[in-house]
Amino acid sequence: MATCPVCFECHYGVKELKYIHNIPRSFVTVNAETAQQDAGYTILFVNTLQPVIKEHEATYVANSNPNCERGSPTMSVLQSPMS
């Protein structure tokens, strides 16, 4: 499976976190309309990127606001194609 380097960036005010991971090229060049019609795409996307997000989750949470928008304590990182 062909991969390519993808930069993951998170901005926390003036602080910025950047990580580069090799991701299957099909996620980088995917056609959004085609992906929406493929029921398995979201599952494959989450299964592929979840380990990358999990690897850095503690850093993300430590640099996030202590509470989510609705006031609940920040406990995890959203891991979906919309994050």
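Up top you'll find the structure we're talking about.
Computed from a predicted model, the values in this text were never measured in an experiment. (Residues numbered from 1 in each chain as written. Predicted model: local features only at pLDDT ≥ 70, side-chain atom pairs only at ≥ 80, totals over all residues. Heavy atoms only, no water.)

Participant: Where do I start with the overall build of the protein chain in this structure?
Facilitator: Summing up its helical and strand segments, the protein chain has 3 helices and 2 strands in all. For the protein chain, buried positions account for 27% of its 83 residues. When contacts within the protein chain are restricted to residue pairs at least 6 apart in sequence, long-range pairs at least 24 apart make up 36% of them. Accessible area of the protein chain: about 6200 Å², with a carbon and sulfur share of 54%. (Helix = DSSP H or I, 4+ residues; strand = E, 2+ residues; numbered from the N terminus. Buried < 20%, exposed > 50% of the residue type's maximum accessible area, 1.4 Å probe, protein only. Contact = heavy atoms within 4.5 Å. Areas by Shrake-Rupley, 256 points an atom, 1.4 Å probe, with all protein chains shown as cover.)

Participant: What is the right way to read the packing of aromatic side chains from this model?
Facilitator: Working definition: an aromatic ring pair is given by the centre-to-centre distance plus the angle between the planes. According to the stated counting rule, one finds 1 aromatic pair in the structure shown. With centroids separated by 5.9 Å and ring planes inclined at 40°, the aromatic side chains of tyrosine 41 and phenylalanine 45 adopt a geometry described as tilted. Of this pair, tyrosine 41 and phenylalanine 45 both sit in helix α3 (residues 39-63), 4 residues apart, which is roughly one turn of the helix. Owing to a relative accessible area of 15%, phenylalanine 45 belongs among the buried residues under this scheme. (Phe/Tyr/Trp six-rings, centres within 6.5 Å; stacked < 30°, edge-to-face > 60°.)

Participant: Teacher, can you tell me more about the nonpolar core here?
Facilitator: A general feature of soluble globular proteins is that nonpolar side chains tend to end up buried together. One finds Phe8, Ile23 and Tyr60 to be the most contacted residues of the largest nonpolar core, which totals 13 residues. Breaking this core down by element, the ones donating at least two residues are β1 (3-12), β2 (15-24) and α3. Here this core gets 6 residues from one element, more than from any other, and that element is α3. (Core = buried A, V, L, I, M, F, W, Y, C linked by side-chain atoms within 4.5 Å.)

Participant: How should I be thinking about the environment of valine 6 in this particular structure?
Facilitator: Inspection of the secondary structure puts valine 6 in strand β1. In this structure, the C-alpha to C-alpha distance between valine 6 and phenylalanine 27, residues 21 residues apart in sequence, is 10.0 Å. Dropping the residues within four chain positions of it, valine 6 is found in contact with Tyr19, Ile20, His21, Ile23 and Val28.

Participant: How do you make sense of the pattern of salt bridges when you look at a structure like this?
Facilitator: Any two side chains of opposite charge can pair, on the condition that their charged atoms come close. Per the stated rule, a full pass over the model turns up 3 salt bridges. The closest approach of N and O atoms between lysine 18 and glutamate 9, which form a salt bridge, is 3.9 Å. Salt-bridge contacts for lysine 54 lead to glutamate 57; the nearest nitrogen and oxygen are separated by 3.2 Å. With lysine 54 and glutamate 57 both in helix α3 and 3 residues apart, this pair spans about one turn of that helix. (Salt bridge = Lys/Arg side-chain N within 4 Å of Asp/Glu carboxyl O.)

Participant: I tried to follow the side chain of glutamate 57 on my own but got confused; where do I start?
Facilitator: By relative accessible area, which is 11% here, glutamate 57 ends up buried. Looking at glutamate 57, its side chain comes within polar contact range of the side chain of lysine 54, at 3.2 Å. (Polar contact = N/O pair within 3.5 Å; in protein donor to acceptor, adjacent residues only side chain to side chain.)

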